[in-house]
Each structure stands twice: as structure tokens, then as C-alpha cells.
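# Geometric and topological summary
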Amino acid sequence: MMKVVFRGALLIGLLVLASFSINKPQNKIKVYLIGDSTVQHYEPTKYPVQGWGMPFAYFFDSTVVVQNRAKGGKSTRTFLSEGRWQPIADSLREGDYVFMQFGHNDEAKEPQYAARYTPVPDYRKNLIKFISETRAKKATPVLITPVTRMVFDASGKAQETHVEYSQAVREIARELKVPMIDLDRKSLELVQKMGPDHAKDLFNQLEPGEHPNYPEGIKDNTHFNEFGARKMAQLVLAEIKRQNLELANRIIKQTPK
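Cut-offs used in this document
Residues numbered from 1 in each chain as written. Predicted model: local features only at pLDDT ≥ 70, side-chain atom pairs only at ≥ 80, totals over all residues. Heavy atoms only, no water. Salt bridge = Lys/Arg side-chain N within 4 Å of Asp/Glu carboxyl O. Helix = DSSP H or I, 4+ residues; strand = E, 2+ residues; numbered from the N terminus. Buried < 20%, exposed > 50% of the residue type's maximum accessible area, 1.4 Å probe, protein only. 1 Å grid on protein atoms, 1.4 Å probe; cavity = no way out; pocket = protein on both sides within 12 Å on 5 of 7 lines; lining within 4 Å. Points joined across faces, edges and corners; volume = space filled by probe spheres on them. Nonpolar A, V, L, I, M, F, W, Y, C, P; charged D, E, K, R; others polar. Core = buried A, V, L, I, M, F, W, Y, C linked by side-chain atoms within 4.5 Å. Contact = heavy atoms within 4.5 Å. Axes fitted to C-alpha atoms, helices over the stretch in contact; angles between N-to-C directions. Parallel < 35°, antiparallel > 145°, perpendicular 65-115°, else oblique. Left-handed = near helix turned anticlockwise from the far one by under 90°. Expected span 1.5 Å × (residues − 1). Pairing = 2+ DSSP bridges. Right-handed = clockwise from strand over helix to strand, strands pointing away. Arc of directions from axis to C-beta. Patch = residues over 30% accessible without salt bridge, like charges linked within 9 Å, V, L, I, M, F, W, Y side chains within 5 Å. Areas by Shrake-Rupley, 256 points an atom, 1.4 Å probe, with all protein chains shown as cover. Lys, Arg positive; Asp, Glu negative; His and termini not counted. Charge placed at Lys NZ, Arg CZ, Asp CG, Glu CD.

## Re the pattern of salt bridges
Tallied over the entire structure, the rule returns 12 salt bridges. As a salt-bridge pair, Asp122 and Lys125 come within 4.0 Å of each other at their nearest N and O atoms. Residue Asp122 and its partner Lys125 are both found in helix H5 (residues 120–136); the two are separated by 3 residues, about one turn of the helix. Of the residues examined, Asp122 reaches a relative accessible area of 32% and is grouped as partly exposed.

Below you can see the structure in the form of C-alpha cells.
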């Protein structure tokens, strides 16, 4: 009789341990976002402008802290030269992520943007530095092609605006076997689907007097409003799930109504 009781207690104990191991809380991690103004966090004085990194942060459970270190006007070169990368590299821990989306400012060849311009070979070298130093800390780098601008030709076809730089990202991803989210292509598809009349609803397009932060109005084909930022964040999240990154397990699951 005592053997039966003992075996029963042992079985219950094993089941409890198994349950604990299955439901063991995930380690807390940080997800760093590095990039430019299309990703960054904005203060209320700039609303309704938002970088896609702002809504992105709210889609994860309590085990994830999103550190949005993107900054307007930064290229891969200036992000390094201004010392913005080193504190991130020093802080990385095993299990963390670094999502990197540059290109808008790297490709700016106009004379007024000479301080940020980065030729494609240097752009590649800088991205590879981010990747190698992330991996050295046993964190996961994720490449992201630069999100599209809104440019249509006369026939209503959405135009690619980051050809060389997006291609460089794709090549690095293949060569170094780095997870890559082709946000340029995905966002271009969305803009094309919406068409010239409705795609502007994604961007900071305001008539005079429509918003107190922009009393004279604005026609911005690069930066997103709240709706556009959320749509771009959702494209990134969908790719995290499709590629089955471990981070996908930390996305908040919606409860069916």
C-alpha cells in the first residue's frame, strides 16, 4: 500500500515539474531599433508623425522591452561616427535583437546632405559591422530594407526609390545568413494596392488648418502618420511570424471575441 502511495506521489511530483518546465516564463530581452526618421520615436509636438517603431513596441508581451534608438537624418555612417552604435553594442545581451533599417539618408546625394551620404560599399561595410558586433554578443541581427516613399508615375505605378541600397541589404542577408525583412518591397506593394488617391492616407499629408502642429499644412511623402506607422509595423510583425523568429513567440496573441 505504501509503495502505491509513494508511486502516486512521485507521479504527481513529476507532472508538476513537467508543467512548470512547460510554463516556465521566458527570459526578458531587449529589441533595439536602429535607423532613421521613418523608424524613430517622435515627441507630441511632431504628431501626427510617427515612426513605425512607435506602434511596433506595443505588440509584445511583458518579456520584451523595445529600445527605439533610431534618429532622424542618420545614415549608417553618422550613426557610427556620432557614437550612437557603441552604447548599444556594449549593452547587448544573449537573446536580444537588433533591427536595423537604414538607407534613406545613406543614399542622399544632394549637396545639402553631403554630411550623411554613404556610398553603397561603405553602407555594406557599416551594416556588416552592426551584424558582426551583434552576433559577438550572442544577440540576433535583423536586416530591414529601407521602407518605401510614396512616388507614383503618370500611369499610377508606385516607383522604387531605394533600388541600390535595398539590393545591398538583400545581398548581405544571403551572404551572412542574416534574417531579413524586405520592408521596401512589402511597403511598396501596400502603396501600390492603395493607389495614388488613398496611399497618401499613410503619410503626413495635411491641409492648412487641419492640425495645430502644422497650421500651414504639409505634403510629406516619406514620413508616416499614426495609421501609416501602424501599417508598416504590422508588415514587420507579419514577417517576424512568417520567418518563425523566436521573437514571434512574444507577440501578444489576440483573444478571439
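## Side note on the layout of surface pockets
By volume, the largest pocket is sized at about 270 Å³. What lines the largest pocket is a set of 14 residues, and nearest its centre among them are His104, Asn105, Tyr113, Arg116 and Arg149. Class assignment for the residues of the lining of the largest pocket results in 2 nonpolar, 7 polar and 5 charged.

## As for the nonpolar core
By size, the foremost hydrophobic cluster in this structure holds 36 residues, and its most contacted members are Val31, Trp52, Phe56, Phe60, Phe99, Ile240 and Leu247. Considering every element that reaches this core, the biggest residue donor is helix H8 (residues 226–242), with 6 residues. Leu247 has contacts with Ile29, Val31, Phe60, Val64, Tyr97, Phe99 and Ile240, leaving out every residue within four places of it along the chain. Within the second largest apolar cluster, 24 residues are counted, among which are Phe102, Phe130, Val169 and Val178.

## A short note on the packing of helix H7 (residues 183–198) against H8
Packing of H7 against H8 leaves a shortest axis separation of 10 Å and a crossing angle of 130°. By the angle between their axes, H7 is oblique relative to H8. At the point where H7 passes H8, the crossing takes the right-handed sense. Of H8, the residues touching H7 (which contributes Leu183, Lys186, Ser187, Leu190 and Met194) are Phe227, Lys231, Met232, Leu235, Val236 and Glu239. Broken down by class, the residue content of the contact of H7 with H8 amounts to 7 nonpolar, 1 polar and 3 charged.

## Some words on helix H6 (residues 163–176)
Under the 1.5 Å per step criterion, the end-to-end length of H6 is 20 Å for 14 residues, consistent within 8% with the ideal 20 Å. Within H6, burial applies to Tyr165, Ser166, Ala168, Val169, Arg170, Ile172 and Ala173. Those residues of H6 that are buried lie in contact with H5, strand S4 (140–144), strand S5 (180–181) and H7. Directly after H6, the chain includes Lys177, whose backbone phi takes a positive value near 55°.

## Side note on the pairing of S4
Most of S4 sits inside the fold, with 4 of its 5 residues counted as buried. Where strand S3 (residues 97–101) lies against S4, 4 bridges are found, and the strand directions are parallel. Counterpart to Tyr97 in the pairing with S4 is Thr140. This β-α-β element, S3 to H5 to S4, shows right-handed connectivity. Here 2 bridges tie S4 to S5, and the two strands are oriented parallel to one another. Each residue of the ladder has a partner; that of Leu143, found in S5, is Met180. Between S4 and its parallel partner S5, the chain crosses via H6, and the hand of that crossover is right-handed.

## A look at H5
Owing to its 3.6 residues per turn, the α-helix aligns residues three or four sequence positions apart on the same side. Here H5 spans 24 Å end to end across 17 residues, near enough to the 24 Å set by a 1.5 Å rise per residue. Considered for burial, the residues of H5 that qualify are Val120, Tyr123, Asn126, Leu127, Phe130, Ile131 and Thr134. In a view along the axis of H5, the buried residues occupy a sector of 135°, so they form one face of it. More than 90 degrees from the buried face of H5, the exposed residues found are Pro121, Lys125 and Ala136.

## What about a positive patch on the surface?
Taken together, the side chains of Lys30, Arg69, Arg93 and Lys137 define a basic patch exposed on the protein surface. The topology assignment puts Lys30 in strand S1 (residues 29–35).

## Observations regarding the pairing of S1
With 6 of 7 residues buried, S1 is to be regarded as a mostly interior element. In terms of strand pairing, S1 meets strand S2 (residues 64–68) through 5 bridges, oriented parallel. Residue pairing in the sheet places Leu33 in a bridge with Asn68 of S2.

## Things to note about the packing of H5 against H6
For any two helices packed against each other, the geometry comes down to the angle between their axes and how far apart the axes lie. Their axes nearest at 10 Å, the elements H5 and H6 cross at an angle of 40°. As the angle between them shows, H5 and H6 are arranged oblique. Handedness of the H5/H6 crossing: right-handed. Residues Val120, Tyr123, Arg124, Leu127, Ile128, Ile131 and Arg135 of H5 touch H6, and the partners they reach there are Glu164, Tyr165, Ala168, Val169, Glu171, Ile172, Glu175 and Leu176. Split by residue class, the contact of H5 with H6 holds 10 nonpolar, no polar and 5 charged.

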